[in-house]
Each structure stands twice: as structure tokens, then as C-alpha cells.
Amino acid sequence: MPVRQLPPVSDALEQQQRGWACIWCKIWLPVGLSTDLGQQRVTPETGASYLWFPRECLDTAACAKRAAQ
Ligand SMILES: [Zn+2]
């Protein structure tokens with residue numbers, strides 16, 4: 001399966017940056033039922049770099065369908 005390019009962190013909601021909501025379809029993720037996409041380091045043009053923690057749904061087919069709506 002191709003790896004999807006993560007959206008820029010500036011487009012992500014706070015809940016998505018914290019891994020509480022899916023990075024693609026924005027659904028609220030149940031604890032333990034999501035895929036960790038790995039911590040991402042962002043270096044803004046101004047200010048200090050920071051980390052964010054995108055996660056996605058386990059059911060990627062249903063997720064893609066929701067994201068396309
Ligand atoms: Zn999703």
C-alpha cells in the first residue's frame with residue numbers, strides 16, 4: 001500500500017496534531033484502535049521546532065471513504 005503524504009501540520013486540528021483524531025478523516029480515535037504514523041518534527045520559519053503525533057484509523061478503506069466526503 002502506498003504511503004500517503006501527511007498534510008502540513010498547519011492544516012491539522014489540534015486534536016489531529018495530538019493523535020486524538022484521525023489525520024485523514026478527522027474522526028475521534030478510540031484509545032488503542034489507531035495506527036501510529038510516527039512522531040513528526042516541524043521547524044516553523046519563526047520559533048522553536050516541535051513535535052506532533054499523527055494517527056490514522058485502523059480501517060483505512062472506511063477512513064479513505066470518510067475523508068473523500
Ligand atoms: Zn480516519
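Note that the structure is predicted; figures quoted are calculated from it, not measured. (Residues numbered from 1 in each chain as written. Predicted model: local features only at pLDDT ≥ 70, side-chain atom pairs only at ≥ 80, totals over all residues. Heavy atoms only, no water.)

> I'd like to hear about unusual backbone geometry, residue by residue, with values.
Phi angles above zero are rare outside glycine, and K26 is one such case at about 70°. Its place among the elements puts K26 in the loop between α1 (14–17) and β1 (34–36). (Helix = DSSP H or I, 4+ residues; strand = E, 2+ residues; numbered from the N terminus.)

> I'd like a description of the coordination of the zinc ion, backed by residues and values.
Coordination of the zinc ion by the protein comes from C22 (SG), C25 (SG), C57 (SG) and C63 (SG), over a distance range of 2.2 to 2.3 Å. Angles of 104 to 117° at the metal separate the four donor atoms of the zinc ion, which places the site in the tetrahedral class. On the primary sequence, the residues serving as donors to the zinc ion are separated as C-x2-C-x31-C-x5-C. Here C25 is found in the loop between α1 and β1, whereas its partner C63 is found in helix α2 (residues 60–68), with 38 residues between them in sequence. Both residues of the pair, C25 and C63, belong to the buried class. (Donors = N, O, S within 2.8 Å, 3.2 Å for Na, K, Ca; no water. Tetrahedral: all angles 85-135°; square planar, octahedral: opposite > 155°, others 65-115°. Buried < 20%, exposed > 50% of the residue type's maximum accessible area, 1.4 Å probe, protein only.)

> Can you explain the confidence of the model for the chain? Please cite residues and give values.
Of the residues in the chain, 96% reach a pLDDT of 70 or more, and the chain-wide mean stands at 92. Summarising per-element confidence for the chain, the mean pLDDT is lowest in strand β2 (residues 40–42) (93) and highest in strand β4 (residues 55–57) (97). (pLDDT = per-residue confidence, 0-100.)

> Break down the pattern of salt bridges for me, citing the residues and quoting the values.
With the rule as written, the count across this model stands at two salt bridges. Taking the shortest distance from any N to any O, the salt bridge between E14 and R18 comes out at 2.7 Å. Owing to a relative accessible area of 45%, R18 belongs among the partly exposed residues under this scheme. The salt bridge partner of D36 is R55, with a shortest N-O separation of 3.9 Å. Here D36, found in strand β1, pairs with R55, found in strand β4; they are 19 residues apart in sequence, far enough to count as distant. Judged by relative accessible area, which is 23%, R55 ranks as partly exposed. (Salt bridge = Lys/Arg side-chain N within 4 Å of Asp/Glu carboxyl O.)

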